[in-house]
Amino acid sequence: MRIGATTAREIINETCIAIWEVLSPIYLMTNPTPEKWRNISEKFEKLWNYPNVCGSVDGKHIRIQQPYHGGSAYYNYKNYNSIVLQAVVDAEGNFLFVDVGEAGRHSDGGVFATSNFGKNFIEQTLNLPQPRKIDPAKEIEFPYVFLADSAYSLNKNMMKPFARSSLTSDKKKIYNYRHSRARRIVECAFGMMSKKFHILQRSMLVHPDFATTITLACCVLHNMIRKKEGIINDVHSEMINVEECDVSREPTRARASRNAYQVRENFVDYFVSPIGSVSWQEYMSRL
């Protein structure tokens, strides 16, 4: 039986909408609580040796054809048309929050600020746990944080790496390595999802709204599949293929608060302390 292109498009669109509406309350985070965040942070510490982390944040450009009368609105810094998938990912490569649909010309930091998650982050309505001590030898309390790359603004609850021009000491280089090691799980999630759904590996020949619907369905199906599989091996395999992309991103020039800088410095000191260091960090930080 043959069906027309319009009919097929309507079927796919309605199916993707149904997938998102039915599965997203099950497989993505809803009503975040301190206990949920603590459970996530425990896995980050166990798998990636970074305590008090509630998620890794990044954006992915979803390639689309140039929209009719779209002009340059969707043309991104990678020189193609796209919409932006903004995601927060847990330690095992599952999506916690996703926002899709912003035009590709916007920066990751700009998309973050206007996303639902970003607004809740800025308004401090995410119900993050209270700060805690992570080094018994010190009285310093560390806040719970998210990890991002240089395109985002440093915040007491959002850590980013040091700029290359600021790497004036070995301990800062070690911090950047430890930060990158934990943060790149979000890039692993994007990579694993693209391998599952090949439509994400080429340009979608559809309207941006339709591409948004398809991408949302892919995100929640990615989570469902990972929950059913219950394995971490593909995360480690994908990590090998992920390259640090801070160099190609335009770093934000927003000035952070003194408190935010101090929180990062506290993590720097923790990662070179006897309780916070790992045996291979000095070697890896020099590569």
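Up top is the structure.
Here is a short report on the structure shown in this document. (Residues numbered from 1 in each chain as written. Predicted model: local features only at pLDDT ≥ 70, side-chain atom pairs only at ≥ 80, totals over all residues. Heavy atoms only, no water.)

**Structural notes on the nonpolar core**
Core analysis: the biggest nonpolar cluster contains 76 residues, and Trp37, Tyr50, Phe95, Phe146, Met159 and Phe267 have the highest contact counts within it. Per-element accounting of this core gives the leading share, nine residues, to helix α7 (residues 208-229). With residues near it in sequence (within four places) discarded, tyrosine 50 still touches Phe44, Glu45, Val145, Leu147, Met159, Tyr175, Arg178, His179, Ala182, Phe267 and Phe271. (Core = buried A, V, L, I, M, F, W, Y, C linked by side-chain atoms within 4.5 Å. Buried < 20%, exposed > 50% of the residue type's maximum accessible area, 1.4 Å probe, protein only. Helix = DSSP H or I, 4+ residues; strand = E, 2+ residues; numbered from the N terminus. Contact = heavy atoms within 4.5 Å.)

**Here's the deal with the pairing of strand β1 (residues 53-63)**
In terms of burial, β1 is a largely internal element, 10 of the 11 residues being buried. Summarising the sheet, β1 and strand β6 (residues 145-147) pair through three bridges and their orientation is parallel. When the sheet's bridge partners are listed, glycine 55 is paired in β6 with phenylalanine 146. Strand direction decides the pairing type here: β1 and strand β2 (residues 82-89), joined by eight bridges, are antiparallel. When the bridges of β2 are listed, valine 57 appears paired with valine 88. (Pairing = 2+ DSSP bridges.)

**Notes on the packing of aromatic side chains**
Applying the stated criterion to the full structure yields 18 aromatic pairs. Plain terms: the ring middles of tryptophan 37 and phenylalanine 146 are 5.5 Å apart, the flat faces sit at 90° to each other, and that makes the pair edge-to-face. Note that tryptophan 37 is positioned in helix α2 (residues 34-48) and phenylalanine 146 in strand β6, a separation of 109 residues in sequence. You can call tryptophan 37 buried: its relative accessible area is 0%. With relative accessibility at 0%, the residue phenylalanine 146 sits in the buried group. An aromatic cluster of three or more residues is present, and its members are Trp37, Phe97, Phe112, Phe117, Phe121, Phe146 and Tyr152. Its guanidinium or amino end placed over the ring of tyrosine 80, arginine 63 lies 3.7 Å from that ring's centre, counting from NZ or CZ. Against the face of phenylalanine 162 rests arginine 264, its NZ or CZ located 3.9 Å from the ring centre. (Phe/Tyr/Trp six-rings, centres within 6.5 Å; stacked < 30°, edge-to-face > 60°. Lys NZ or Arg CZ within 6 Å of the ring centre and 35° of its normal.)

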